Amino acid sequence: MKIFLLGGTKDSTNIIAHLKENYDVFILTTTTTEYGARLAQEAGSDDTIARPLLKGEIIEIIQGENFDILIDATHPFAAHITQTSSSIARELELPYIRFERPITNLENIDTSHIHYAESFEDAGKMIADEFPQGNVLHFAGANTMADIVKYVSPERFYPRILKVESSLKKCTELDIPSDHIIPMTGAATLKENIDLIEKYCASVMITKESGEIGGVVEKIEAANKTDIAVIMIKRPEIEMLNKDDIVNDLTELDKKIKSF
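The structure contained in this document is the topic of the report that follows. (Residues numbered from 1 in each chain as written. Predicted model: local features only at pLDDT ≥ 70, side-chain atom pairs only at ≥ 80, totals over all residues. Heavy atoms only, no water.)

Some thoughts on the side chain of Lys256
(1) Moving on: Assignment of secondary structure puts Lys256 in helix H10 (residues 250-259).
(2) Moving on: Here Lys256 is buried and forms no salt bridge, its nearest opposite-charge partner Asp245 lying at an N-O distance of 4.5 Å. (Helix = DSSP H or I, 4+ residues; strand = E, 2+ residues; numbered from the N terminus. Buried < 20%, exposed > 50% of the residue type's maximum accessible area, 1.4 Å probe, protein only. Lys, Arg positive; Asp, Glu negative; His and termini not counted. Salt bridge = Lys/Arg side-chain N within 4 Å of Asp/Glu carboxyl O.)

What follows is the structure, given as C-alpha cells:
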C-alpha cells in the first residue's frame, strides 16, 4: 500500500510510526519545512518532500507514482491545504482521510482567562484595545505574526517560532527585534510556559485552538497560574469537507483504511 501523507504536525509523525508498525506500507510525507521532513524521516517515512506543493504538483506525484490513499494530517488551521487535498481526492477518485485532532476538552479547566477571537487580526485589535500594557507572547506560528503587529508594537511582541530562514525573514520584515525571538522545538510544558511568561513580563498570550497535542492545556494553565490573558483563535470552518472522511484518532484511522 502506498500512502501520500500531508504532514508537518505531531499527528502526522504519530500516524507514520503507527502505519509502519502495523501495515506493509510505503509513505511519502510532504511538509513545508526541512525540520518537519526530518521529523517525518525519524518517524519512519520512506520518502519526504520539504516544501509547499501546488495542487498540480500533488496531482502529478500521486498519478505518477500510483498512490493508493491520500491522508491529510496537516494543522487544523491549514484550511487551504485541506480544501485542496479533499478536492484532489475527489478529482482523482482516490481514497481520502482527513485526520482532525479533537477540539481541546476544557471541561475541568478554568477558562476565565480565555478571550476568543475569530481571526488573528481580531486578536491584534483586541490586544490594542483591551491589553495595552505588558508584553505579548505569540504561540501561534510565524505566518500569523503580521496580523498582530499591525496593531501591537514589535517592541511588545515575543514570538515563539521555529528558527528557520523563512520565519526569521518574516521577523526581520516586521521589525521584530532578534532578541525577542523564542526558539521552538515542540509543545512546551507547563513549567516552560510559566518561565517564558515571567521572563518576558507578558500580560497576554496568543494561541490557536490547536488541540491538546498542540499544548493548549499547558498554555491555559500557565496563564491561569500567572494571571495573564489568553487570546484563543477559533478553528476555521473548512468548506467542502465530507464529514465521513474525517477521523480523530488512530483507531478510527485503522477502521477507515480497512474500509477501502
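Quick notes on helix H1 (residues 10-22)
(1) Moving on: Its 13 residues place the ends of H1 19 Å apart at the C-alpha level, agreeing with the 18 Å of an ideal helix rising 1.5 Å per residue.
(2) Moving on: All of the buried residues in H1 are Asp11, Ser12, Thr13, Ile15, Ile16, His18 and Leu19.
(3) Moving on: Where H1 is buried, its residues meet strand E1 (2-6), strand E2 (26-31), helix H2 (34-43), strand E4 (69-72), strand E5 (96-99) and H10. (Expected span 1.5 Å × (residues − 1). Contact = heavy atoms within 4.5 Å.)

Here's the deal with the sheet that holds strand E6 (residues 114-117)
(1) Moving on: An order of E6-E11-E10-E7-E8-E9 is seen for the 6 strands of this open sheet, with the pairing classed as parallel. Strand pairing shows two members of the sheet lacking a second neighbour, E6 and strand E9 (182-183), which therefore form its edges.
(2) Moving on: Relative to E9, strand E8 (residues 157-161) runs parallel, the two sharing 2 bridges. Looking at E9, one finds that Ile161 is bridged to Pro183.
(3) Moving on: Contacting strand E7 (135-139), E8, E9 and strand E10 (202-208), helix H8 (residues 190-199) runs over the sheet at an angle of about 150 degrees to E7. (Pairing = 2+ DSSP bridges. Axes fitted to C-alpha atoms, helices over the stretch in contact; angles between N-to-C directions.)

So, the sheet that holds strand E12 (residues 246-247)
(1) Moving on: Overall, parallel pairing links the 6 strands, which are arranged E3-E2-E1-E4-E5-E12 in an open sheet. The outermost strands of the open sheet, each flanked by one partner alone, are strand E3 (47-50) and E12.
(2) Moving on: Of the strand pairs in this sheet, E4 and E5 are connected by 3 bridges, and their pairing is parallel. Of the residues in E5, the one forming a bridge with Leu70 is Tyr96.
(3) Moving on: Across the face of the sheet, H2 comes into contact with E2 and E3 while running at roughly 170 degrees to E3.
(4) Moving on: Across the sheet, helix H3 (residues 55-65) lies against E1, E2, E3 and E4, angled at about 165 degrees from E1, the strand it touches most.

A look at the packing of H1 against H2
(1) Moving on: In contact at an axis separation of 8 Å, H1 and H2 are set at 25 degrees when each is read in the N-to-C sense. In terms of orientation, H1 and H2 fall into the roughly parallel class. As for the relative orientation of H1 and H2, their crossing is right-handed in sense. Across the interface between the two elements, Thr13, Ile16 and Ala17 of H1 pack against Leu39, Ala40 and Ala43 of H2.
(2) Moving on: Each residue belonging to the contact of H1 with H2 can be placed in one class, and the counts come to 5 nonpolar, 1 polar and no charged. (Parallel < 35°, antiparallel > 145°, perpendicular 65-115°, else oblique. Left-handed = near helix turned anticlockwise from the far one by under 90°. Nonpolar A, V, L, I, M, F, W, Y, C, P; charged D, E, K, R; others polar.)

Notes on unusual backbone geometry
(1) Moving on: Located in the positive-phi region is Asn66, a residue other than glycine, with phi close to 55 degrees.
(2) Moving on: The class for Asn66 is exposed, based on a relative accessible area of 57%.
(3) Moving on: Unusually for a residue other than glycine, Glu93 sits at a positive phi of about 55 degrees.
(4) Moving on: Along the chain, the position of Glu93 falls in the loop between helix H4 (79-92) and E5.

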